[in-house]
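Single-letter residue listing:
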Amino acid sequence: MASTLPPFNPANVQGDILVGLPKKVQHYLFFQIDDDVTAFRKRLHLLIPLITTTAQVQDDRAKIAANKKKAAELGKAPELLRLSGVNIAFSQFGLTKLGIKDDMGDTAFKSGQLNDTPNLGDAGTTVNNKFVPNWINAFKNQIHGVVIISGDCDLTVAATQATVLGIFNIGVRITLHEVLTLKGVVRPGDQKGHEHFGFLDGISQPAVKDFDTKPNPGQETVRQGVILCGREGDVVAGSKPEQPFVRPAWALDGSFLALRYLFQLVPEFDNFLKASADPTKDFTSDLLGARLVGRWKSGAPVDLFPLADNPDAGKDPLQNNNFRYDFPDDFKTQDRCPFAGHTRKTNPRNDLESLGFSTENRRIIRRGVQFGPELTHEEVSSGKTQHGRGLIFVAYCGSITNGFQFIQQSWANNPGFPIQKPITPGFDAIIGQNNQGPNGIGPRSMSGANPNNQNATLSLPTEWVVPKGGEYFFSPSIPALRDTFSLA
């Protein structure tokens, strides 16, 4: 099959997948397609010229880099370039509404995220033998698709969103209606790039073969099919080698998108770190937080810097991902990083490779953006969250079932992972979930949090990351949007 594929062309791939839409502000416009599907498909055809491709994002990022360089030469701060980006993706409900009946070969995508919540461990209750997660109502109904709109400021993004809605709804014929718009914004000042707990995010991304040609030290290169459907390395979960599942031809160069609306209980998390630390024994709250995450807030990995932060290494792409959990005693001790550290749970590296297991088809590319205000004085004083904030989490992968779902269900939520350790690792303290308890919230704990007593079990009394919605989507290629999804 690979020999008959057209050459990879970044102009055919939507721009958020392999590079990421540049953003200070980003909106996620969730929509339903109205009854006149033919009219919607014709309007979709008009939207295609606005879709930002990977080639366009590469050009935009080159302009941003040149602008920063010029400003630095002049000894001043760079002014923001006015840039916007638009991508679109469809759920299984959306494909069905459009009359696209092809099997995508992904059971999680086909059933939708709402039905997948018991597997993901989301909290909820069972009503009439049906599990209902503690989500906001908008995500409990069908969502057909999402338009991702990014830009340099609120004004740019709002204007672009108005243009998108105008394309679909201009005149008397409404073809799309908005279910919900989530609005994200990059955190200000020195917290840029950091999620609301304060840790630098988005570091450990895989490099894609024949696209990311200069990976940083420690950055794993995966075949294109791990992220893009139809390319080398695209393996459908459950497909047999003697009878491999073949994706629909139009799925080539598209990617599955897992989106999660995650609230973060920041004051409660900070108070837990302070209460559980012991500064008199050099076990500070900063060190405890770093061991739960697997990185210091600067981004420096604890596998390289186990007892003290190194901010210079944290911001250096040549150092901040160059580790493997392969120090001589890493397999059997938690001196450097707990087995249940978030970064170790979600990308175990040598923990599995040393046992002969490949983790290539578990890799995902993470995008998304933070939402909500900075902490207020009242929240810090009370230790209680009063304003909603968190992460609009987005992950692209060639398979929801192999990628995002597997990482959450079989790794983060599994107390016995990583496997073959001398002590039970416990839950991922950051995203691990246990819905086997009252109101869908069960007990959690982990080992190795305290470097002075690695066999001790630390109770995790709160799930500090709270899912409030989400859906699985498919982000088609530009040719697929033009020839399969839309009508001229």
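Residues numbered from 1 in each chain as written. Predicted model: local features only at pLDDT ≥ 70, side-chain atom pairs only at ≥ 80, totals over all residues. Heavy atoms only, no water.

The chain appears in an unreviewed UniProt entry as DyP from Ganoderma lucidum. Quoted verbatim from the Sequence similarities (unreviewed entry) heading of the UniProt record, the comment on the chain is "Belongs to the DyP-type peroxidase family." Taken from UniProt, the Cofactor (unreviewed entry) comment for the chain reads in full: "heme b". (UniProt positions renumbered as here; feature names shortened; annotations may be inferred.)

Draft legend 1. Just the state of the cysteines, in detail. Going through the model one piece at a time under the given rule, you end up with zero disulfides. For Cys397, which is in no disulfide, the shortest distance to another cysteine sulfur is to Cys229 and amounts to 8.6 Å. With relative accessibility at 1%, the residue Cys397 sits in the buried group. (Disulfide = S-S within 2.5 Å. Buried < 20%, exposed > 50% of the residue type's maximum accessible area, 1.4 Å probe, protein only.)

Draft legend 2. Looking closely at the packing of helix α8 (residues 266-276) against helix α9 (residues 285-293). Where α8 contacts α9, the two axes come as close as 8 Å, and the packing angle between them is 115°. For the element pair α8 and α9, the recorded crossing hand is right-handed. Facing α8, whose interface residues are Phe269, Phe272, Leu273, Lys274 and Ser276, α9 presents Ser285, Leu288, Gly289 and Leu292. Taken together, the residues that form the contact of α8 with α9 break down as five nonpolar, three polar and one charged. (Axes fitted to C-alpha atoms, helices over the stretch in contact; angles between N-to-C directions. Helix = DSSP H or I, 4+ residues; strand = E, 2+ residues; numbered from the N terminus. Left-handed = near helix turned anticlockwise from the far one by under 90°. Contact = heavy atoms within 4.5 Å. Nonpolar A, V, L, I, M, F, W, Y, C, P; charged D, E, K, R; others polar.)

Draft legend 3. Spatial organisation of the packing of helix α2 (residues 37-47) against helix α7 (residues 154-169). Contact geometry of α2 with α7 gives a least axis separation of 8 Å together with a crossing angle of 145°. Taken as a pair, α2 and α7 cross one another with a handedness that is right-handed. Contact residues: Phe40, Arg43, Leu44, Leu46 and Leu47 in α2; Val164, Ile167, Phe168 and Asn169 in α7. Here the residues of the contact of α2 with α7 are counted per class, giving seven nonpolar, one polar and one charged.

Draft legend 4. Geometry of the domain arrangement of the chain. Partitioning the chain into structural domains gives domain 1 (12-74 + 81-260 + 470-485) and domain 2 (265-360 + 408-469). Between domain 1 and domain 2, the buried area comes to about 2,800 Å², and carbon and sulfur atoms account for 53% of it. Counting across the interface, domain 1 meets domain 2 through two salt bridges. Among the ionic pairs, Arg324 bridges to Glu220, the shortest N-O distance being 3.5 Å. Listed by contribution, the elements that provide at least two residues to the side of domain 1 that touches domain 2 are α6 (113-120), β3 (124-127) and β9 (255-264). In terms of residue count, the dominant contributor to the side of domain 1 that touches domain 2 is α6 (five residues). (Domains from an automatic or database assignment. Buried area = accessible area lost by both parts, 1.4 Å probe. Salt bridge = Lys/Arg side-chain N within 4 Å of Asp/Glu carboxyl O.)

Draft legend 5. Structural context of the pattern of salt bridges. Counting across every chain of the model gives 17 salt bridges. Of the charged contacts, one joins Arg260 and Asp122 as a salt bridge, the two residues approaching to 2.8 Å between their closest N and O atoms. Taken together, the residues span a long stretch of sequence, with Arg260 in strand β9 and Asp122 in the loop between α6 and β3 at a distance of 138 residues. On the basis of relative accessibility, which here comes to 3%, the residue Arg260 falls in the buried class. Take Asp122: its relative accessible area is 1%, and that puts it in the buried class. Within this structure, Glu220, Arg324, Glu353 and Arg363 form a network of salt bridges that share partners.

Draft legend 6. Structural view of helix α15 (residues 478-485). Along α15, the positions that sit buried rather than exposed are Ile478, Ala480, Leu481 and Phe485. Down the axis of α15, the buried set is contained in an arc of 165°. They therefore lie on one face. Where α15 is buried, its residues contact α2, β2 (84-90) and α4 (92-97). Near the N-terminus of α15, the side chain that reaches the backbone nitrogen of Ala480, with its oxygen 3.1 Å away, is that of Ser477. (Arc of directions from axis to C-beta. Polar contact = N/O pair within 3.5 Å; in protein donor to acceptor, adjacent residues only side chain to side chain.)

Draft legend 7. View of the side chain of Asp428. By secondary structure assignment, the location of Asp428 is in the loop between α14 (404-412) and β13 (445-447). An unpaired buried charge is present at Asp428: no salt bridge exists, and Arg444, the closest side chain of opposite charge, is 6.1 Å distant. A polar atom in the side chain of Asp428 sits 2.8 Å from the side chain of His342. Apart from residues lying up to four places away in sequence, Asp428 is in contact with Ala340, His342, Lys345, Thr346, Ala412 and Arg444. (Lys, Arg positive; Asp, Glu negative; His and termini not counted.)

Draft legend 8. Spatial organisation of the nonpolar core. One finds Phe40, Ile88, Phe90, Trp250, Leu292 and Phe485 to be the most contacted residues of the largest nonpolar core, which totals 79 residues. Here the element with the most residues in this core is α9; it accounts for five residues. Filtering out sequence-adjacent residues up to four positions away, Trp250 remains in contact with Leu95, Ile100, Asp102, Met104, Phe474, Ser477, Ala480, Thr484 and Phe485. Within the second largest apolar cluster, 33 residues are counted, among which are Ile17, Val226, Leu228 and Ile392. (Core = buried A, V, L, I, M, F, W, Y, C linked by side-chain atoms within 4.5 Å.)

Draft legend 9. Up close: the UniProt feature "domain: DyP dimeric alpha+beta barrel" (unreviewed entry) in the chain. UniProt feature "domain: DyP dimeric alpha+beta barrel" (unreviewed entry): in the numbering of this structure it lies at residues 12-188. Along residues 12-188 the backbone is 40% helical and 23% strand, and the end-to-end C-alpha distance reaches 33 Å.

Draft legend 10. Summary view of the packing of aromatic side chains. Summed over all chains, the structure comprises 24 aromatic pairs. Taking the centre distance of 6.1 Å and the plane angle of 85° together, the rings of Phe31 and Phe90 count as edge-to-face. One end of the pair, Phe31, is in strand β1 (residues 25-33); the other, Phe90, is in strand β2, and 59 residues separate them in sequence. The exposure class of Phe31 is buried, given its relative accessible area of 0%. Judged by relative accessible area, Phe90 falls into the buried class, the value being 0%. An aromatic cluster is present here, built from Phe31, Phe40, Phe90, Phe109, Phe168, Trp250, Phe256, Phe474 and Phe485 joined pairwise through their rings. When the ring centre of Tyr325 is taken as origin, the NZ or CZ atom of Arg344, which lies over that ring, is 4.6 Å away. (Phe/Tyr/Trp six-rings, centres within 6.5 Å; stacked < 30°, edge-to-face > 60°. Lys NZ or Arg CZ within 6 Å of the ring centre and 35° of its normal.)

Draft legend 11. Structural context of the UniProt feature "domain: Dyp-type peroxidase C-terminal" (unreviewed entry) in the chain. The feature "domain: Dyp-type peroxidase C-terminal" (unreviewed entry), as given by UniProt, occupies residues 335-411 in the numbering adopted here. With 30% helix and 17% strand, residues 335-411 has end C-alpha atoms that lie 21 Å from one another.

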